[in-house]
Amino acid sequence: MTSTFLRDAMIQRLGEARTDANPGPFPRDGLVRNIHGDFTPMMCGGISALLLQMLHPLALAGIWDHSRFRDDMIGRLRRTSDFIATTSFGTFEQAEAAIARVRRVHEYVKGHAADGRPYAADDPDLLVWVHVAEMSRFMAGHLRYRNPQLSHAEQDRYFFETACIAEALGARNVPDSRAAIEAYLTRERRELVCDERTREVIRVLLDAPPRNLVLRPAGAIFMRAGIDLLPDWANDMLDLRMSRLQRRAVRTGIKSAMPMISRAVRSGAYRRALERLQQ
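1. Brief notes about helix 6 (residues 92-106)
Stage number 1. Taking 1.5 Å per residue as the helical rise, helix 6 with its 15 residues ought to reach 21 Å, and the 21 Å between its terminal C-alpha atoms agrees with that figure.
Stage number 2. On its buried face, helix 6 is in contact with helix 1 (5-14), helix 5 (69-89), helix 7 (124-145) and helix 8 (152-169).

Below is the structure:
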């Protein structure tokens, strides 16, 4: 029987789930799909999100203990990309199946962090951290590279709607507005740490070459763009500060490369998800 984690979360949050006329979680021409279907800002935001996530000792411990990050860091980014694509563009059945798979994996991701504290990937508080890091950086990428004029009301709507994905995964008390996201990140800063493990994961991420040969020349600038999207305090903690000139060069480079990158990823996860939905 298909799980109903997402339908239940949407009914609780929105008062209803989507109708047969719109078989996926988000409207076909809605804000979430518009943002999540834009590959370059999403890739920059995804890298930035992973950098930010690694500052949380419990999130870091899960990566350290239960993943092959040294051999497959790009694979982790790809799996996250596939999950976002499926829950954004797929049918309810596809999105529910993706969420159920993640929940099953999370059941086995448990252990103790370097400081001795227990962690579990299905901890509602930890799920909130991962979600906020992702959505806040996706929005940062969209504002930087696609629509800097997106209104605060539309930003709030994006955070409100995407919160149902975190809730379907088991998160609770999810920040669901621009102000709530900022307040949450401010509160969480006291929990964040940059240690040797953090620096090792970051080193592996920044050195990982894209699998797509066409994108390899752009790999380094993608990584720099992810750093550029971090909050200043996170850059300081990670010792990844960039000068104004470096930031300007990265932003110019990304904007110049966006048409080429879009052509290179036409057969990627987002396109495949859209094609499945339209069949």
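Now, onward.
2. Quick word on the environment of Pro 41
Stage number 1. Here Pro 41 is to be found in helix 3 (residues 39-53).
Stage number 2. Sequence separation of Pro 41 and Tyr 145 is 104 residues, and the distance between their C-alpha atoms is 6.0 Å.
Stage number 3. Ignoring anything within four residues of it in the chain, the contact list for Pro 41 reads Gly 141, His 142, Tyr 145, Arg 146 and Met 258.

3. Let's talk about the side chain of Arg 13
Stage number 1. Along the chain, Arg 13 turns up in helix 1.
Stage number 2. Excluding its chain neighbours within four sequence positions, the residues that come into contact with Arg 13 are Phe 160, Ala 163, Cys 164, Glu 167, Val 174 and Asp 176.

4. So, the packing of helix 5 against helix 6
Stage number 1. Viewed as axis vectors pointing N to C, helix 5 and helix 6 meet at an angle of 145°, and their least axial separation amounts to 7 Å. The way helix 5 lies across helix 6 gives a crossing that is left-handed. Here Phe 83, Thr 86 and Thr 87 of helix 5 lie close against helix 6, whose contacting residues are Gln 94, Ala 95, Ala 98, Ile 99 and Val 102.

5. What about the environment of Arg 117?
Stage number 1. Residue position: Arg 117 is located in the loop between strand 1 (110-112) and strand 2 (118-120).
Stage number 2. Relative accessible area serves as the criterion here: at 31%, Arg 117 is assigned to the partly exposed category.
Stage number 3. Considered as a pair, Arg 117 and Leu 58 are 59 residues apart in the sequence and their alpha carbons are 7.9 Å apart.
Stage number 4. Polar contacts involving the side chain of Arg 117 include one to the side chain of Asp 115, which spans 2.9 Å.

Conventions and cut-offs
- Residues numbered from 1 in each chain as written.
- Predicted model: local features only at pLDDT ≥ 70, side-chain atom pairs only at ≥ 80, totals over all residues.
- Heavy atoms only, no water.
- Helix = DSSP H or I, 4+ residues; strand = E, 2+ residues; numbered from the N terminus.
- Expected span 1.5 Å × (residues − 1).
- Contact = heavy atoms within 4.5 Å.
- Axes fitted to C-alpha atoms, helices over the stretch in contact; angles between N-to-C directions.
- Left-handed = near helix turned anticlockwise from the far one by under 90°.
- Buried < 20%, exposed > 50% of the residue type's maximum accessible area, 1.4 Å probe, protein only.
- Polar contact = N/O pair within 3.5 Å; in protein donor to acceptor, adjacent residues only side chain to side chain.

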